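If you want the building blocks of each chain, they are given just below.
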Amino acid sequence: MAHAWTYDTAASFWTRSRQNPEGVWDAWVSAEVYLLDHRPRTPAEAAQILAVLIDQGGDRRSDGRDVEALARVRRYLSQLARHETDQATPTRAVA
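A short tour of the structure in this document, coming up. Throughout, a residue's number is its position along its own chain's written sequence, starting from 1. The predicted origin of the model limits local features to residues at a pLDDT of at least 70 and limits the giving and counting of side-chain atom pairs to 80 or more, whereas totals for whole chains, interfaces and linings rest on all residues. Side-chain numbers here rest on the full set of heavy atoms in the structure, without hydrogens or water.

### A few points about the environment of Arg 74
Move 1: Secondary structure counts use DSSP, requiring at least four H or I residues in a row for a helix and at least two E residues in a row for a strand, with both numbered from the N terminus. For Arg 74, the position within the fold is in helix 4 (residues 65-88).
Move 2: Separated by 12 residues in sequence, Arg 74 and Ser 62 place their C-alpha atoms 20 Å apart.

What follows is the structure, given as structure tokens:
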């Protein structure tokens, strides 16, 4: 059965089911794939994607979604760091 996930529904389902996904395996895998394919927009979303990656225990996915997800989280954190640096840099008054 295909699921029409949103970020919130996939994250909530994955978190609730992660301790015992056997009874809902297909839906759990579908939620996990959705989360791994998601581009984070907030620190909380980046943390959720990292939780999915860590929960895999270092096992590499054959479809490469884990590597791609990690690259997206890394890009997001780099952009966030640049933004924070830009915000902290005082602007000079033009004379």
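Okay, back to it.
### So, the environment of Gly 64
Move 1: Relative to the assigned elements, Gly 64 resides in the loop between helix 3 (43-55) and helix 4.
Move 2: Only protein chains enter the calculation, and the probe is 1.4 Å; a residue is then buried if its accessible area is under 20% of its type maximum, exposed if over 50%, and partly exposed in between. For Gly 64, a relative accessible area of 18% corresponds to the buried category.

### Focus on the packing of helix 2 (residues 25-37) against helix 3
In a packed pair of helices, the relevant descriptors are the angle between the two axes and the axis-to-axis distance.
Move 1: Helix 3 packs onto helix 2 with a crossing angle of 125° between their chain directions and a minimal axis gap of 9 Å. With respect to each other, helix 2 and helix 3 are oriented oblique. Every pair of crossing elements has a handedness; the one defined by helix 2 and helix 3 is left-handed. When helix 2 is examined against helix 3, the residues Trp 28, Glu 32, Leu 35 and Leu 36 are found in contact with a partner set consisting of Gln 48, Ile 49, Val 52, Leu 53 and Asp 55.
Move 2: Residue composition of the contact of helix 2 with helix 3, by class: six nonpolar, one polar and two charged. Note on geometry: axes are C-alpha line fits, over the in-contact stretch for helices, and angles between N-to-C directions span 0 to 180 degrees. Here is the rule for angles: anything less than 35 degrees is roughly parallel, anything more than 145 is roughly antiparallel, 65 through 115 is roughly perpendicular, and the remaining ranges are oblique. Left-handed describes a crossing whose near helix is turned anticlockwise from the far helix through less than a right angle; right-handed describes the clockwise counterpart. Pairs of residues are marked as contacts when any of their non-hydrogen atoms sit within 4.5 Å. Residue type decides the class: Asp, Glu, Lys and Arg count as charged, Ala, Val, Leu, Ile, Met, Phe, Trp, Tyr, Cys and Pro as nonpolar, and the leftover types, Gly among them, as polar.

### Examining the environment of Asp 55
Move 1: Along the chain, Asp 55 falls in helix 3.
Move 2: The class for Asp 55 is partly exposed, based on a relative accessible area of 33%.
Move 3: Along the backbone, Asp 55 and Arg 18 are 37 residues apart, and their C-alpha atoms lie at a distance of 8.6 Å.
Move 4: Ignoring sequence-local partners within four residues, the contact set of Asp 55 consists of Trp 14, Arg 18 and Trp 28.
Move 5: Among the polar contacts listed, one links the side chain of Asp 55 to the side chain of Arg 18, at a separation of 2.7 Å. Polar contacts here mean pairs of N or O atoms no more than 3.5 Å apart (in protein, one a potential hydrogen donor and the other a potential acceptor; neighbouring residues in sequence count only if both atoms are side-chain atoms).

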